[in-house]
Amino acid sequence: MVKAIEKHGIPAVHLCSIIPISQTVGANRIVPCVAIPYPTGDPKQDLAHEKEIRRRLLVRALKAISMDVTEQTVF
Amino acid sequence: MADQKLRVVHYINQFFGQVGGEAEADIKPFSRSGPVGPGLALKAAFKDQAEIVGTVICGDNYFAANIKQAKLECMDIIREFAPDIVVAGPAFGSGRYGMACGAVAEGVKDELGLPVVTAMFNENPGVEAYRKNIYILPTTESAIGMKDAVLRMAAFALKLSSGLEIGFPEEEGYLVQGYRASIVSEKTGALRAVEMMLAKLSGKPFTTELPLPVFDRVSPAPAVKDLKTMVLALVTSGGIVPKGNPDHIESHNASKCCRYDISHVNDFTGEDYESVHGGYDIVYANQDPDRVLPLDALRELEEEGVIGKIYNYYYVTVGNTTAVSSAVRYGDKIGKELREAGVDAVILTST
């Protein structure tokens with residue numbers, strides 16, 4: 001899905017937990033996340049800290065979007 | 001039938017049919033009696049076991065532009081020869097010719113109920129389009145491999161018409177059709193898996209029982225120059241939907257991909273949203289859907305001016321056992337709509 005979106009010229013960064021799948025599928029910008037059931041959260045943390053984790057992942061995703069890549073890159 | 005030769009009809013394009021090149025690519029199908037062009041090599045490969053009673057020739061453009069019609073016309077001509085077997089091609093790397101060979105072979109199999117084989121380069125689009133339904137033998141990309149291809153086609157055609165069981169692609173030399181066959185094995189799956197792992201660890205060769213699909217690549221889209229003015233869209237395969245799942249997205253092998261308005265939503269709460277994804281524990285996502293699709297933190301970044309704007313809609317499907325072909329279709333639809341909406345970048349989350 002990531003790849004099909006990117007085919008239209010829109011950079012699509014993939015936030016996921018199983019990096020090899022993302023690489024096999026062909027995402028070009030990949031940001032590793034926390035875990036399969038909660039990629040952008042962590043129920044073990046308190047809510048404020050959890051949101052902070054989310055924010056950090058998003059900042060990393062934004063960095064990926066703002067950088068030109070020539071091959072599959074894990075940020 | 002002991003002394004009788006099998007009757008073969010051979011399908012080829014206008015080029016191999018010695019009509020002409022691209023200028024003649026619009027000709028409609030017609031026939032010649034006996035072998036033509038590569039049919040002579042095919043005739044030699046059949047020795048005295050089969051004879052080519054007729055050759056059907058059609059222009060590649062005519063076929064590609066009128067597949068249904070051309071297929072019908074070819075079937076009518078082939079039927080008149082009352083063949084026992086049909087051979088199409090080889091088409092090598094030629095896309096239109098490969099599509100034509102695939103369509104002819106499919107028609108012969110499904111409509112005439114006769115054994116049929118074709119051959120082409122493994123990246124010919126005819127392979128993707130027809131491999132599931134027919135036997136396609138691999139060839140070189142160019143006609144340099146003609147002799148070898150023709151020999152294998154003749155042998156395969158004879159085996160097909162003999163009624164002998166056709167084994168696995170690796171044994172018989174045809175391109176994988178994508179079916180799984182059940183076989184009885186002396187060893188349990190666990191034992192076979194451990195043996196494979198041991199072979200892998202010690203660098204010995206082993207053959208997987210479940211080859212992974214091969215995915216094509218897309219070149220990376222250029223970076224967004226200015227985050228502060230960009231429009232960013234959220235997409236997820238994690239199944240986050242408005243509570244009650246209004247469009248009934250399936251929890252596995254989803255048949256659709258939907259979009260929902262979030263222009264007035266700052267935070268996905270467990271009261272208003274939920275996950276309908278099968279295959280992972282959705283308790284955490286249901287408590288706080290931002291754990292799968294991070295809208296709350298992204299709104300903050302939007303308010304702070306780090307990014308320009310979050311697109312008014314987010315897109316969602318369920319990735320659980322969803323076919324690659326479906327995912328490609330959804331991605332294509334999303335990409336097209338976002339492009340038209342002027343979206344600059346996408347964050348896609350997967351569980």
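Residues numbered from 1 in each chain as written. Chains lettered and ligands numbered in written order. Predicted model: local features only at pLDDT ≥ 70, side-chain atom pairs only at ≥ 80, totals over all residues.

Engineer: Describe the overall build of chain B, and please don't skip the residues or the numbers.
Structural biologist: Across its full length, chain B holds 11 helices and 13 strands. A total of 351 residues make up chain B; the buried ones form 42% of that total. Restricting to contacts in chain B with at least 6 residues of sequence separation, those with at least 24 account for 73%. (Helix = DSSP H or I, 4+ residues; strand = E, 2+ residues; numbered from the N terminus. Buried ≥ 20, exposed ≤ 12 C-beta atoms within 10 Å, placed from the backbone. Contact = placed C-beta atoms within 7 Å.)

Engineer: Could you give an account of the interface of chain A and chain B, with specific residues and numbers?
Structural biologist: One widely used convention gives an interface's size as the accessible area the parts lose upon coming together. The interface of chain A with chain B comprises 40 residues on the first partner and 45 residues on the second. At the level of secondary structure, the elements contributing two or more residues to the side of chain A that touches chain B comprise helix H1 (2–6), strand E1 (12–16), helix H2 (19–25) and helix H3 (47–66) of chain A. Ranked by residues supplied to the side of chain A that touches chain B, first place goes to H3(A) with nine residues. Here the side of chain A that touches chain B is built from residues that sort into 23 nonpolar, 10 polar and seven charged. Pairing between E1(A) and strand E13 (residues 345–349) of chain B: four bridges, direction parallel. Bridge pairing in E13(B) places A:Ala12 opposite B:Val346. (Nonpolar A, V, L, I, M, F, W, Y, C, P; charged D, E, K, R; others polar. Pairing = 2+ DSSP bridges.)

Engineer: For helix H11 (residues 324–340) of chain B, give the residues involved together with the corresponding values.
Structural biologist: The terminal C-alpha atoms of H11(B), which comprises 17 residues, lie 24 Å apart, in line with the 24 Å expected from a rise of 1.5 Å per residue. For H11(B), the set of buried residues is B:Ala327, B:Tyr330, B:Gly331, B:Ile334, B:Gly335 and B:Leu338. Looking straight down H11(B), one finds that the buried residues subtend no more than 135 degrees of arc, so they occupy a single side. Exposed residues pointing more than 90 degrees away from the buried face of H11(B) are listed as B:Ser325 and B:Glu340. Where H11(B) is buried, its residues contact H1 of chain A together with strand E7 (231–236), strand E12 (313–316) and E13 of chain B. B:Gly342 sits one or two residues past H11(B) and shows a positive phi near 80 degrees. (Expected span 1.5 Å × (residues − 1). Arc of directions from axis to C-beta.)

Engineer: How would you explain the pairing of strand E2 (residues 29–32) of chain A if you had to name every residue and give the values?
Structural biologist: Residue and element names in this part refer to chain A. The pairing of E1 with E2 spans four bridges and is classified as parallel. Across the sheet, leucine 15 pairs through a bridge with valine 31, a residue of E2. Read as a crossover between parallel neighbours, the route from E1 over H2 to E2 is right-handed. Pairing between E2 and strand E3 (residues 73–74): two bridges, direction parallel. Bridge pairing links arginine 29 to threonine 73 in E3. (Right-handed = clockwise from strand over helix to strand, strands pointing away.)

Engineer: Could you give an account of the packing of helix H3 (residues 67–80) of chain B against helix H4 (residues 95–112) of chain B, naming the residues involved and the relevant values?
Structural biologist: Residue and element names in this part refer to chain B. One can describe the packing of H3 onto H4 by two numbers: an axis separation of 10 Å at closest approach and a directional angle of 60 degrees. For the element pair H3 / H4, the angle class is oblique. Seen from above, H3 lies across H4 with right-handed handedness. Judged by residue contacts, Ile67, Lys71, Cys74, Met75, Ile78 and Arg79 of H3 engage Ala103, Val104, Gly107, Val108, Glu111 and Leu112 from H4. Taken together, the residues that form the contact of H3 with H4 break down as eight nonpolar, one polar and three charged. (Axes fitted to C-alpha atoms, helices over the stretch in contact; angles between N-to-C directions. Parallel < 35°, antiparallel > 145°, perpendicular 65-115°, else oblique. Left-handed = near helix turned anticlockwise from the far one by under 90°.)

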